[in-house]
Amino acid sequence: MDSSSPTNTLFLRILYSFFPDIEQTMHQSPVGMFLSFVSAKKYYTFVIKKIIDHYKTNYFDLARDPFDTTMVLGPQTRQIKARDTDPFYAYHCVAHMNGYTLYSPSMVGINIALVWSVLAFPLFIPKDGTYYLGYVMTLYLLPLIFHIRGKKIPTGSFQDQFNRFVQFFWNCYEMIVLKIRKNAKKSKIKEYTTHLVSQGPFIAFLMELCIRHAASMASEYENDDDFLLWLYHDEIVGGNEAMIASYRANYDRRVGQATISDEEWKVWELMMPADMIVRYLFATDTMYDVVKIVLRDLYDRDFLVQTLDQAFFSQDSHGKTQAWEKVMDYIMSSRSTKKEFFHKIKTFAQRRTANTKAGYDPVKAKKINDFLDSVDEDNIDQISPDSIPDDLRKESQLVEKMMNFYITWIGGTQGANGDTWYLRLMNKPLIDHLMRHTPLLTNKPEVLSMYSKILFLYSKNTYFYQFAYDNVRSGKENFALPLKASVKKVFSNVWLIVNLHINAIATFLQDLNPHEMRIVIKNPKLRLNIDILLAERIRTMVSLETESLLTTTYGIFDMIVQSPFFGSTLQHFVKQKSLSALKNRLYTIDFWLFWDFLYHSKNHSDLFRIVGEIPSLMVFATLRETLLGMIMVLVYCMHTEPAFFTTQRREIFLTMYMRDILLVPDSFITVIAGVLMHVCDYYHAIILEMIYIDDNAYFMWLVVESMKNHYDRNGHHVPDYDYEEILWWRGYLKAVTYYNKRFCFPE
């Protein structure tokens, strides 16, 4: 592959996978027409907005994910040529779309709002749309309010909790409707609320979700004020100081109340998303048509109602939990949406444009349908504006908005972030148990040095997050991100330390997370190498029983730190669907690289025992997300630039990775680098073939260009990378790793 001539075919293939197969195989496909307008750069803008809006409630900062990986090459690198821009962004887009199912407060809120906008739809027809829009926005924002601990459900009997939640739902709904329209009738709000809360099973489901939201980031090591100090640290500017101070002072008294004060709402608004994409569908005078034609048949109403009834009326707490989780899994899956949504949009466009005051016009409908079927990616440039039917042109903006919603929504269901918040929401007892049996922090010099680096990098990273977030909130579409981070004061407290630990646990265990995207390796030579090296090992692991599988996969870590960190914990807490996810990951290259790294690290357990379980886990969590990328870079450099990439320079690069990205203590670097090179040598043939899949060679080439800029004219290495560049390097390696999370199926 010519590294100077990149493509973005994988990005386009993934976009096409969002649509039904029949649409992709049609000779003249409206899908092709629409996707011809989707540029990778514009799509990546959506990815970035998803990350920063709001990064504190999606926890990208805790994962130490660099805000913008397009800056990964640093200020010294040559400018990317204009013709290379789309493939460059496409690579990062694929990395995000090839991640794990994104359980974030915003994605959960969107899916809840869509599902129950359909289930409650009959109650609002043909009433005033203000009350319906208020209901949808309540469903979207309510879990977020609990997530930022704005409200909590007091402990007590189920009936007491249910009654309190109903009151809070009512008040929240009223507040949002009055925000939409000041002269809305409170009597109408009460009438709708009465109808809505009569659906006991759904309200019970929503209450359980909100309770889990509030508890997801909580720990016995910290308190609510620790959390509030961290959450609102950057918002205590611009006249907000007194308001937030008052909010904190009255927090304990108000948090369990069903009423909502103006001060509470103003503080909550500081954490609410700037761009609520559900408005793309509902904030129009056509929202009823959107629900009736596009959304109504996307979900299995009978399944939802029966499962929720089972949970609500069951006396078995375990059965209730299982039913709740079954519904959550269903609404967070995008499978049914991909099959139906596009067909519904076509139907919507045809019906909207073919309906006249005299009724449905079949002639006009056929004309529009013929036009849509006549357009594809091959002739889009030849389409004359005059040939577009007038009625279709009138509705084009609305349809485009719906298509943009669909692409951003479906594309946003996955994320290149090992800690997707999934375990925190769906298996908090596992997190709590592991945290309860490990020390919070030690005073060992190696550990303190590691945490000082983490917090300094965190401060640099959050500067970029906050800079971008402030610009987005102020309404700027375009703004220049500085290359250097100013000194930013970071409020570090117990809450932050605890959640850095939790993030390490969740990232290390990321293979238990659901994963819908499947990019399958088809290269014959690569498949042959995989078959020779891994086929028997995969078959052996897949055949293991639950206990043996968990022990074999994660028990190695216990051997490394010589402590029963996981032990029987995973066997007790890990659920069947997570085991299925783990077995699927056995068919990926990145899993085996990481597993072998762990296996060979056990020979150096004395090193990891010095720092303890959690600091060691932090190192391995970062490895899980960057190891494949690092090895691919090493193999590429050794293969294509042997004269430049000398042994000395390789060692310097390895040291930078160990010391500044993994944060390995200096005394460990040589040994851990040796383990990495051992794994690199073992998988060399496979990695060499992977480099020439899709746009990998192009992306590797950019690395070499970047490295060369760290050497002066005499060939001497510039000894230190800036901290900003460390962040970007981390993002680069993570992007390569997630781009190449490919599935292999050896015979």
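Every residue gets a number counted from 1 within its own chain, in the order that chain's sequence is written. pLDDT decides what is reported in this predicted model: residues at 70 or higher carry local features, side-chain atom pairs at 80 or more are listed and counted, and totals for whole chains, interfaces and linings draw on all residues regardless. Heavy atoms throughout the structure, all of them, feed into the side-chain values; hydrogens and water do not.

Now for the overall build of the chain. Under the scheme used here, helices are H or I runs from DSSP no shorter than 4 residues and strands are E runs no shorter than 2 residues, and both carry numbers assigned from the N terminus. Scanning the chain from N- to C-terminus turns up 38 helices and four strands. Summary of the burial criterion: residues with accessible area below 20% of their type's maximum are buried, those above 50% are exposed, and those between are partly exposed, where the area comes from a 1.4 Å probe applied to protein chains only. Buried positions account for 61% of the 747 residues belonging to the chain. Contacts: residue pairs with any heavy atoms within 4.5 Å of one another. In the chain, of all internal contacts separated by at least 6 residues, the share reaching a separation of at least 24 is 83%. In these tables, accessible area is a Shrake-Rupley quantity obtained with a 1.4 Å probe, and a residue counts as shielded only by the protein chains included in the view. Accessible surface, the chain: about 29300 Å² in total, of which carbon and sulfur atoms supply 52%.

Moving on, we get to the packing of aromatic side chains. When the centres of two rings from Phe, Tyr and Trp lie within 6.5 Å, Trp using its six-membered ring, the rings pair. Their planes under 30 degrees apart give stacked, over 60 give edge-to-face, and anything left gives tilted. Enumeration over the complete set of coordinates arrives at 65 aromatic pairs. Between Phe88 and Tyr89 the ring centres are 5.9 Å apart and the planes differ by 80 degrees, which places this aromatic pair in the edge-to-face class. Each of the two residues, Phe88 as well as Tyr89, counts as buried. Ring centres of Tyr682 and Tyr683 lie 5.0 Å apart, and the angle between their planes is 80 degrees; on these two criteria the pair is classed as edge-to-face. Classification of Tyr682 by relative accessible area gives partly exposed; the value is 40%. The class of Tyr683 is buried, set by a relative accessible area of 0%. Here the aromatic cluster, defined as three or more aromatic residues joined through ring pairs, consists of Tyr44, Phe88, Tyr89, Tyr91, Phe645, Phe653, Tyr698, Phe699, Trp701, Trp729, Tyr732 and Tyr739.

For the pair helix 34 (residues 647-661) and helix 38 (residues 723-739), interaxial distance at closest approach is 11 Å and the crossing angle is 100 degrees. Comparing the axis directions of helix 34 and helix 38 gives the class roughly perpendicular. Every residue of helix 38 that contacts helix 34 at Phe653, Met656, Tyr657, Asp660 and Ile661 is listed here: Ile726, Trp729, Arg730 and Leu733. For this classification, Asp, Glu, Lys and Arg are treated as charged, while Ala, Val, Leu, Ile, Met, Phe, Trp, Tyr, Cys and Pro are nonpolar and the rest, including Gly, are polar. Class assignment of the residues belonging to the contact of helix 34 with helix 38 gives a composition of seven nonpolar, no polar and two charged. To get an axis, a line is fitted to the C-alpha atoms, and for a helix only the part in contact is used. The angle between two axes follows their N-to-C directions and goes from 0 to 180 degrees. Angle categories are assigned with fixed cut-offs, so that under 35 degrees is roughly parallel, over 145 is roughly antiparallel, 65 to 115 is roughly perpendicular, and the rest are oblique.

Before going further, it helps to spend a moment on the environment of Val267. Mapped onto the elements of the fold, Val267 is located in helix 15 (residues 262-269). Classification of Val267 by relative accessible area gives buried; the value is 0%. In the structure, Val267 is positioned 20 residues away from Tyr247 in sequence and 7.5 Å away in space, judged by C-alpha atoms.

Take the packing of helix 9 (residues 158-180) against helix 11 (residues 200-216) next. Viewed as axis vectors pointing N to C, helix 9 and helix 11 meet at an angle of 90 degrees, and their least axial separation amounts to 10 Å. Between helix 9 and helix 11, the angle is such that the two are roughly perpendicular. Along its contact with helix 9, which presents Phe158, Gln161, Phe162, Phe165, Val166 and Phe169, the element helix 11 presents Gly200, Ile203, Ala204, Leu206, Met207, Cys210 and Ile211. Classifying every residue of the contact of helix 9 with helix 11 gives eleven nonpolar, two polar and no charged.

Right, let's get into the environment of Pro105. On the secondary structure map, Pro105 appears in helix 7 (residues 105-119). A relative accessible area of 5% means that Pro105 is categorised as buried. Separated by 42 residues in the primary sequence, Pro105 and His147 have C-alpha atoms spaced 7.5 Å apart. Residues in contact with Pro105, not counting those within four places in the same chain, are Thr57, Asn58, Leu144, His147, His213 and Trp421.

Right, let's get into the side chain of Glu325. Examined against the element boundaries, Glu325 turns out to sit in helix 19 (residues 317-332). There is a polar contact of 2.4 Å between the side chain of Glu325 and the side chain of Lys575. Once you skip the residues sitting within four places of it in the chain, Glu325 turns out to touch Arg212, Met426, Lys575 and Lys577. Two N or O atoms count as a polar contact when they lie within 3.5 Å, although within protein this holds only if one can serve as hydrogen donor and the other as acceptor, and sequence-adjacent residues are included solely when both atoms are side-chain atoms.

Below, the discussion takes up the confidence of the model for the chain. Across the chain, the average pLDDT comes to 84, with 86% of residues at or above 70. Values of pLDDT, which run from 0 to 100, indicate the predictor's confidence residue by residue. Low pLDDT, under 50, characterises residues 74-78; the stretch is placed with 15 contacts to residues that sit more than four places away or in other chains.

On to unusual backbone geometry, then. Despite not being glycine, Gln562 has its phi angle at roughly 50 degrees, a positive value. Residue position: Gln562 is located in the loop between helix 28 (546-561) and helix 29 (569-573). Even without being glycine, Asp694 reaches a positive phi, approximately 50 degrees. You can see Asp694 is positioned in the loop between helix 36 (684-690) and helix 37 (696-708).

The subject of this paragraph is the pattern of salt bridges. Salt bridge, as used here: a side-chain nitrogen of Lys or Arg that lies within 4 Å of a carboxyl oxygen of Asp or Glu. Applying the stated criterion across every chain yields a total of 31 salt bridges. As a salt-bridge pair, Arg624 and Asp511 come within 2.9 Å of each other at their nearest N and O atoms. Of this pair, Arg624 sits in helix 33 (residues 613-640) while Asp511 sits in the loop between helix 26 (494-508) and helix 27 (524-542), and the two are 113 residues apart along the sequence. In this structure Arg624 comes out as buried when scored by relative accessible area, which is 1%. Notably, a salt bridge pairs Glu536 with Arg539, separated by 3.4 Å at the nearest N-O pair. Placement of both Glu536 and Arg539 in helix 27 is noted, with a separation of three residues, approximately one turn of the helix. Connected through shared salt-bridge partners, Glu208, Arg212, Glu325, Asp329, Lys575 and Lys577 make up one network.

Let us now look at the side chain of Asp694. The class for Asp694 is buried, based on a relative accessible area of 18%. Side-chain polar atoms of Asp694 contact the side chain of Arg742, separated by 3.1 Å.

Quick look at the environment of Pro20 now. Mapped onto the secondary structure, Pro20 falls in the loop between helix 1 (9-17) and helix 2 (21-25). For the pair Pro20 and Lys338, spaced 318 residues apart in sequence, the C-alpha separation works out to 6.3 Å. Not counting chain neighbours up to four residues away, the residues in contact with Pro20 comprise Lys338, Lys339, Phe342 and His343.

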